[in-house]
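Descriptive analysis of the structure
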Amino acid sequence: MVERRLPIIVGNWKMYKSPAEAVAYVHELLPLVKSASAKIYLAVPFTAISSVAEAAKGSNLQIGAQNMHDASEGAFTGEIAARMLGEAGASFVVLGHSERRRLFGETNDFINRKVLKALSEHLQPILCIGETLEEREAGRTADILHQQLKECLAGVSAENAPNLLIAYEPVWAIGTEKAAMPELAQQIHQECLDWLKEQLQLEPIILYGGSVNPANGRSLLEQPAIGGLLVGGASLSPTTFSEIINTAPNEPEE
Ligand code: PGA
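Residues numbered from 1 in each chain as written. Predicted model: local features only at pLDDT ≥ 70, side-chain atom pairs only at ≥ 80, totals over all residues. Heavy atoms only, no water.

The interhelical angle for the contact between helix α5 (residues 108–120) and helix α7 (residues 141–152), taken along N-to-C directions, is 45°, at an axis separation of 8 Å. Taken as axis vectors, α5 and α7 run oblique relative to one another. On the side of α5, the interface is formed by N108, I111, N112 and V115, while α7 contributes Q147, Q148, E151 and C152. The class makeup of the residues in the contact of α5 with α7 is 3 nonpolar, 4 polar and 1 charged. (Axes fitted to C-alpha atoms, helices over the stretch in contact; angles between N-to-C directions. Helix = DSSP H or I, 4+ residues; strand = E, 2+ residues; numbered from the N terminus. Parallel < 35°, antiparallel > 145°, perpendicular 65-115°, else oblique. Contact = heavy atoms within 4.5 Å. Nonpolar A, V, L, I, M, F, W, Y, C, P; charged D, E, K, R; others polar.)

Put into structure tokens, the structure is as follows:
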């Protein structure tokens, strides 16, 4: 019997929850997901990482950050380094989220340096890619995604990034309640997987993100090229997030 790979379900809290609220959330979430057939990740604000990591000790939760700088340390007021995140209890980091690209001017080149730094500091990167509505309507989706992948993954190999995660998050689907149809997401994921294998010899897991909720989680997870979900708004309530997590099919497939 071939064991099915567990889906990875990531909650991205964005700029929500104080450390105390974050710990209360974890205490509420844990009993709701104790028999989940998924790997559960929480990307929390920097200030909550250590307290949440402590609260989640010994559980099936991985704690991570939503951003970092690519330098080891230095005069970068307001920034945070990979080593600081690791020491605080983070095991992964979300990089290149479309809000970082759009609101804070992050470029593929800068994101690439962050990806390489995260890998060298043993933080698992979750690289976010996605096209805007305008790009989609202009028929440029594949070109945009390939360019993001190529530039953000320069210097990344199967050897230095065995646990690389990608999140495909169409910008038009984030926070809009307009998730991509599962079939469309499947098609784009498969196309990216094929491209990554052929062009970069990489076989990462690709998560889908953008308006995931308890009603569409399962049909997205059923798509063979969708290895998990990145959930924003719907991860803020432990009940709603646990409903999404518990839609992951229970039985290992033959
Ligand atoms: P959403 O956000 O689930 O609220 O659409 C997803 C994300 O930005 O990661």
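Within strand β3 (residues 61–65), 4 of the 5 residues are buried, leaving the element largely enclosed by the surrounding structure. As paired elements, strand β2 (residues 39–43) and β3 share 4 bridges and run parallel to each other. Bridging across to β3, A43 finds its partner in G64. Here 2 bridges tie β3 to strand β4 (residues 92–95), and the two strands are oriented parallel to one another. Looking across to β4, one finds that A65 is bridged to V93. (Buried < 20%, exposed > 50% of the residue type's maximum accessible area, 1.4 Å probe, protein only. Pairing = 2+ DSSP bridges.)

All right, on to the environment of A118 then. Structurally, the position occupied by A118 is in helix α5. Assessed through its relative accessible area of 0%, A118 is described here as buried. When the C-alpha atoms of A118 and A81 are compared, they prove to be 9.1 Å apart, with 37 residues separating the residues in sequence. When residues no more than four places from it in sequence are discounted, the contact partners of A118 are M68, V93, L95, L123 and P125.

What follows deals with the site of the ligand. Neighbouring residues of the ligand: 13 residues in total, closest K14, H97, E169, G175 and S211. In the model, an oxygen atom of the ligand is placed 2.6 Å from a nitrogen or oxygen of the G175 main chain. Taking G232, its main chain carries an N or O atom lying 2.9 Å from an oxygen atom of the ligand. Look at the ligand: alone it shows 280 Å² of surface, and the protein chains cover 95% of it. Tallied by class, residues from the shell around the ligand come to 4 nonpolar, 7 polar and 2 charged. (Near = heavy atom within 4 Å. Polar contact = N/O pair within 3.5 Å; in protein donor to acceptor, adjacent residues only side chain to side chain. Areas by Shrake-Rupley, 256 points an atom, 1.4 Å probe, with all protein chains shown as cover.)

Turning to the packing of helix α1 (residues 19–32) against helix α10 (residues 238–245), a few remarks are in order. Where α1 contacts α10, the axes come no closer than 9 Å and their chain directions differ by 30°. On the basis of the axis angle, α1 is roughly parallel to α10. Pair α1 / α10 crosses with right-handed handedness. In this structure, α1 uses Y25, E28, L29 and L32 to contact α10, whose residues at the interface are P238, T239, F241 and S242. Classifying every residue of the contact of α1 with α10 by side-chain character gives 5 nonpolar, 2 polar and 1 charged. (Left-handed = near helix turned anticlockwise from the far one by under 90°.)

The next subject is α10. Looking only at α10, the buried set comprises P238, F241, S242, I244 and I245. With its buried residues spanning 155° around the axis, α10 presents them on a single face. Buried-residue contacts for α10 involve β1 (8–12), α1, β2 and β8 (228–231). (Arc of directions from axis to C-beta.)

Turning our eyes to something else, we now look at the packing of aromatic side chains. If you walk through the whole model with that rule in mind, you get 3 aromatic pairs. Sitting over the ring of W13, K17 keeps its end group 5.6 Å from the ring centre. (Phe/Tyr/Trp six-rings, centres within 6.5 Å; stacked < 30°, edge-to-face > 60°. Lys NZ or Arg CZ within 6 Å of the ring centre and 35° of its normal.)

It is worth spelling out the side chain of T247 at this point. Relative to the helices and strands, T247 is located in the segment after α10. Of the residues examined, T247 reaches a relative accessible area of 13% and is grouped as buried.

This part covers α1. One full turn of an α-helix is made of 3.6 residues, so residues set three or four places apart face in the same direction. The end-to-end C-alpha separation of α1 is 20 Å, in line with the 20 Å expected for 14 residues at 1.5 Å each. Three or more residues of α1 are buried, namely A22, Y25, V26, L29 and L30. The buried residues of α1 occupy an angular sector of 130° when the element is viewed end-on, so they sit on one face. Exposed residues on α1 whose side chains face more than 90 degrees from its buried face are A20 and H27. (Expected span 1.5 Å × (residues − 1).)

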